[in-house]
Amino acid sequence: LAKTTQPISMDSYEGQEVNITCSHNNIATNDYITWYQQFPSQGPRFIIQGYKTKVTNEVASLFIPADRKSSTLSLPRVSLSDTAVYYCLVVGDSGYSTLTFGKGTMLLVSP
Amino acid sequence: GAVVSQHPSWVICKSGTSVKIECRSLDFQATTMFWYRQFPKQSLMLMATSNEGSKATYEQGVEKDKFLINHASLTLSTLTVTSAHPEDSSFYICSASSGGTEAFFGQGTRLTVV
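Residues numbered from 1 in each chain as written. Chains lettered and ligands numbered in written order. Predicted model: local features only at pLDDT ≥ 70, side-chain atom pairs only at ≥ 80, totals over all residues. Heavy atoms only, no water.

J.: Hey, could you run me through the sheet that holds strand E3 (residues 19–25) of chain B in this one?
T.: Working definition: the strands of a sheet are paired by backbone hydrogen bonds and lie parallel or antiparallel to each other. All names here are of chain B. Reading across the sheet, the four strands line up as E1-E3-E8-E7 and stay open at both edges, with antiparallel pairing between neighbours. Only two strands of the sheet have a single partner each, and these edge strands are strand E1 (4–7) and strand E7 (67–73). Strand-to-strand, the axes of this sheet are offset by a mean angle of 15°, without reference to chain direction. (Pairing = 2+ DSSP bridges. Helix = DSSP H or I, 4+ residues; strand = E, 2+ residues; numbered from the N terminus. Axes fitted to C-alpha atoms, helices over the stretch in contact; angles between N-to-C directions.)

Okay, structure coming up:
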């Protein structure tokens, strides 16, 4: 299993762009990188997933360098409601044989 | 995204009783389901992984006789906490996957044992 490392916490202000980086040095060839968001007392919500280069959807972008040993979740113009814990996971494409969470990054957005 | 429904959202039970939590995939077939436990201000801890029709695989340190998992169909998995005690009070979350690269989570169940 590829272990992930993220900052424990980050602070930002409304309207700023937030970039959260995740390290996954021993990622395997068939692994995908997935990010989840979790609010207190709720289950995690899927944000974005990627394999290489850049992926963008309506809520975020995911940047993955060529060596794939890290990835960066980019949240454009955050709002107070983006205050949550963000988890980076590495999962093989053979299915979710295991789905293990690291400690996550607590993002606090202030006015 | 796909919807996973978890029930109940919260439950309070007396010490020594058993509690069953249901996890349903509403619009897809979940070949694999995961059960997690989360304590306050901590990450999700994987308890077990179950594939439809097979026995669940438990993580190290998780008592399989205490946390009974049944995945009898492609849309339903249940977690039964047997003889619950106050230390079992936690937030329990299920996740379901159809075998692809995405997994979807239920809303969680807050268990309080008194």
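J.: Is there a simple way to think about the nonpolar core in this case?
T.: Soluble globular proteins tend to pack their nonpolar side chains together in the buried interior. One finds Val4, Trp35, Phe67, Leu79, Tyr92 and Leu111 of chain B to be the most contacted residues of the largest nonpolar core, which totals 25 residues. Broken down by secondary-structure element, the contributors of at least two residues to this core are strand E2 (10–13), E3, strand E4 (32–38), strand E5 (45–51), E7, strand E8 (76–81), strand E9 (90–97) and strand E11 (109–113) of chain B. Setting aside residues up to four positions removed in sequence, Tyr92 of chain B forms contacts with Gln6, Ile21, Tyr36, Arg37, Met47, Phe67, Leu79, Gly108, Thr109 and Leu111 of chain B. Counting 20 residues, the second largest nonpolar core, distinct from the first, contains Cys22, Ile48, Val78 and Leu107 of chain A. (Core = buried A, V, L, I, M, F, W, Y, C linked by side-chain atoms within 4.5 Å. Buried < 20%, exposed > 50% of the residue type's maximum accessible area, 1.4 Å probe, protein only. Contact = heavy atoms within 4.5 Å.)

J.: What's the story with the interface of chain B and chain A in this structure? I'm lost.
T.: Interfaces are often described in size by the accessible area the parts lose on coming together. Between chain B and chain A, the contact holds 22 residues from the first and 22 residues from the second. Contact between chain B and chain A buries roughly 1,500 Å² in total, counting both sides, with carbon and sulfur atoms accounting for 57%. Joining chain B to chain A, the criterion identifies five residue pairs in polar contact (both at pLDDT 80 or more). Of all the secondary-structure elements, those providing two or more residues to the side of chain B that touches chain A are E4, E5 and E9 of chain B. Within the side of chain B that touches chain A, the residues separate by chemical class into eight nonpolar, twelve polar and two charged. (Buried area = accessible area lost by both parts, 1.4 Å probe. Polar contact = N/O pair within 3.5 Å; in protein donor to acceptor, adjacent residues only side chain to side chain. Nonpolar A, V, L, I, M, F, W, Y, C, P; charged D, E, K, R; others polar.)

J.: In this structure, what is going on with unusual backbone geometry? I would like to understand it.
T.: Phi is mostly negative for residues that are not glycine, and the peptide bonds are mostly trans. For the peptide bond that leads from His7 of chain B to Pro8 of chain B, omega is 0°, which places it in the cis range. Following the sequence through the fold, Pro8 of chain B ends up in the loop between E1 and E2. Residues other than glycine seldom take positive phi values, yet Ser41 of chain A does so here, at roughly 60°. Relative to the helices and strands, Ser41 of chain A is located in the loop between strand E3 (31–38) and strand E4 (45–50).

J.: For this particular structure, what's the right way to read the pattern of salt bridges?
T.: In a structure, side chains of opposite charge can pair up when their charged atoms sit close to one another. Residue and element names in this part refer to chain B. Under the defined criterion, the tally for this structure stands at two salt bridges over all chains. Arg24 is the salt-bridge partner of Glu22, the closest N and O atoms lying 3.5 Å from each other. On the basis of relative accessible area, Glu22 is assigned to the partly exposed category, the value being 25%. By relative accessible area, Arg24 is classed as partly exposed at 35%. A salt bridge links Asp88 to Lys66; the shortest N-O distance between them is 2.9 Å. Taken together, the residues Asp88 in the loop between E8 and E9 and Lys66 in the loop between strand E6 (57–58) and E7 connect sequence positions 22 residues apart. Neither Asp88 nor Lys66 differs from the other in exposure class; each is buried. (Salt bridge = Lys/Arg side-chain N within 4 Å of Asp/Glu carboxyl O.)

J.: I keep staring at the packing of aromatic side chains and nothing clicks. Help me out?
T.: Aromatic rings in a pair are described by how distant their centres are and how their planes are angled relative to each other. In total, this model carries ten aromatic pairs over all chains according to the counting rule given. For the pair Tyr32 of chain A and Tyr51 of chain A, a centre-to-centre distance of 5.2 Å together with 55° between the ring planes defines the contact as tilted. Here Tyr32 of chain A, found in strand E3, pairs with Tyr51 of chain A, found in the loop between E4 and strand E5 (53–56); they are 19 residues apart in sequence, far enough to count as distant. Here Tyr51 of chain A falls in the partly exposed class, since its relative accessible area comes to 28%. Consider the rings of Tyr36 of chain A and Phe101 of chain A, whose centres lie 6.0 Å apart with planes at 50°: the pair is tilted. Of the two residues, Tyr36 of chain A is situated in strand E3 and Phe101 of chain A in the loop between strand E8 (84–92) and strand E9 (105–110); the sequence distance between them amounts to 65 residues. For the pair Tyr36 of chain A and Phe101 of chain A, a shared accessibility class is recorded, and that class is buried. Taken together, the ring pairs in this structure connect Tyr36, Phe46, Tyr87 and Phe101 of chain A together with Tyr36 and Phe105 of chain B into an aromatic cluster. The ring of Tyr51 of chain A is capped by Arg68 of chain A, whose NZ or CZ atom sits 4.0 Å from the centre of that ring. (Phe/Tyr/Trp six-rings, centres within 6.5 Å; stacked < 30°, edge-to-face > 60°. Lys NZ or Arg CZ within 6 Å of the ring centre and 35° of its normal.)

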